[in-house]
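# A structural walkthrough
Chain by chain, the residues:
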Amino acid sequence: MNKILTVYDDVDPLNNVISALTLGIDEIFYVYHHDVPKRNFENIKTVINRYCDAKTHFIRLTDDEKQMREIIENNKDLIIDVGGAKYLSLFLFEMTSVLDNKLIYYDDDENCIKDYRSHSVITDKVFKLQIEDVLTLRGGEIQSTMHKPVTDKETRETLLRVVEKNIDTYPAFTRFITKVNTIINSSKYLGFNTYKLTESDRNAIASDNTYKNIEDLFTIDDKDRLRFKNRKLREMVAVSGAFLENYLYIKLTESGLFDDVKMSTVIDFAEDNFRYPVRCEIDCLIIKDNRLLFVSCKSSKVDTEALNEIYVHNHRFGNVLSVPVLCVFEELDRKYPSTYAKGEELGIFLVDRSSFVENDVSEVFASILDGTYIYDEVY
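Residues numbered from 1 in each chain as written. Predicted model: local features only at pLDDT ≥ 70, side-chain atom pairs only at ≥ 80, totals over all residues. Heavy atoms only, no water.

On to the packing of aromatic side chains. If you walk through the whole model with that rule in mind, you get 24 aromatic pairs. Geometrically, the ring pair formed by Y170 and F173 is tilted, given 5.3 Å between the ring centres and 40° between the ring planes. Of this pair, Y170 and F173 are both found in helix α7 (residues 170-185), three residues apart, which corresponds to roughly one turn of the helix. Considered together, Y170 and F173 belong to a single accessibility category, that of buried residues. Residues Y211 and F218 carry aromatic rings whose centres are separated by 6.3 Å and whose planes lie at 35° to one another, so their mutual orientation is tilted. Judged by its relative accessible area of 3%, F218 is buried. (Phe/Tyr/Trp six-rings, centres within 6.5 Å; stacked < 30°, edge-to-face > 60°. Helix = DSSP H or I, 4+ residues; strand = E, 2+ residues; numbered from the N terminus. Buried < 20%, exposed > 50% of the residue type's maximum accessible area, 1.4 Å probe, protein only.)

Here we come to the pattern of salt bridges. One pass over the structure, following the stated rule, counts 28 salt bridges. With a shortest N-O distance of 3.9 Å, E70 and K66 are connected by a salt bridge. Taken together, the residues span about one helical turn, with E70 and K66 both in helix α3 (residues 64-73) at a distance of four residues. On the accessibility criterion, E70 (39% relative accessible area) is partly exposed. Among the salt bridges present, the one from D124 reaches K125, with a minimum N-O distance of 3.4 Å. (Salt bridge = Lys/Arg side-chain N within 4 Å of Asp/Glu carboxyl O.)

In this model, the largest pocket occupies a volume close to 440 Å³. What lines the largest pocket is a set of 27 residues, among which Y8, D9, D10, V36 and N40 lie closest to the centre. Where the lining of the largest pocket is concerned, the elements lending two or more residues are β2 (27-32), α2 (38-51) and α4 (87-96). Ranked by residue count, the leading element in the lining of the largest pocket is α2, at four residues. Looking at the second largest pocket, its volume works out to about 300 Å³. Residue lining of the second largest pocket: 17 residues in total, with S354, S355, E358, I374 and D376 positioned closest to the centre. (1 Å grid on protein atoms, 1.4 Å probe; cavity = no way out; pocket = protein on both sides within 12 Å on 5 of 7 lines; lining within 4 Å. Points joined across faces, edges and corners; volume = space filled by probe spheres on them.)

Moving on, we come to helix α15 (residues 361-370). With eight of its ten residues buried, α15 lies for the most part within the structure. When we look at burial in α15, the residues that qualify are V361, S362, V364, F365, A366, S367, I368 and L369.

Turning our attention to the pairing of strand β14 (residues 279-288). Along β14, seven of the ten residues are buried, which leaves the element largely enclosed by surrounding structure. Pairing analysis gives eight bridges linking strand β13 (residues 260-268) to β14, with the strands arranged antiparallel. Paired with M263 across the two strands is C284, which belongs to β14. Both β14 and strand β15 (residues 291-298) contribute to a ladder of five bridges, which runs antiparallel. Pairing of L285 across the sheet is with F294, part of β15. Between the end of β14 and the start of β15, which pair antiparallel, lie two residues, with D289 showing a positive phi angle near 50°. (Pairing = 2+ DSSP bridges.)

The structure is reproduced here in structure tokens:
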């Protein structure tokens, strides 16, 4: 039976589960000093028990050396995990460095488990957490999705064509979509995703420069009837931001570069004693090798509030490997240089129009994860 002794880490939750799940541990002893919300321990157990039946013990120390020595002496061949950067981890190392127990730590820079004495790699096949796991460890729970991702081939292909046709003037496209939605909401519905327009409404749509770039999103016949290609596309017109979110989701999932991608995720993070839900929505979540990206999508103008929002989401739900990303369909470094510069200073990765035009956008997100991303130069 494999057993491990580790120090509960309230700063980086990865240290509480990665070593145990990677090494196939059967019993885990967590030691800690200060008061810890019981929910934190439940969150750890929830993640561990999704993948194995390991026993977990959470032990508050009042006499460090005595209690830890009892754990070590009563558990033969106990593995000692000294990965946490805390006093107790250092004390545990000092206690056990002269013993024969295996000393290990999780190297989050190289994403591997190493032997502490030799610094050699024990395994680089580190357990891969899912998006839900990372959120759970920080007290978040996925409740739902605000916008369902497009799944059928016909709608996906139409959406890709429409977005790519309008990349150069995307803010104008979102204004056009908002105008169309306003018009059809006050138009007579004829069934089969079809609406009867007035002559003035038809002219308002057809005279817009964006109308020629809508591909097969909808058609208007000679009897002023506007017909959407299908129901899903009609629903998307009701929320203009859904186009960018879906486009990004399709590109990222089709690339095969990531372990998982989730779109428009609603996260509940209320404490157990709250009567009402406390929720937020994150436009896109991307994970690869335990590195989680928190992505906010903006169709056009961005400001400091947009930067602060995604920064806070990453701080609240992320870990040492997670990062915030702001994705916008404008040339952010040129049009809003002060906002771009502030984002860079905050450590927020910025994916703007040039990322879609000059590159495969999925490769840009991959560069964030592998450390090769380069910010644009702001003049």
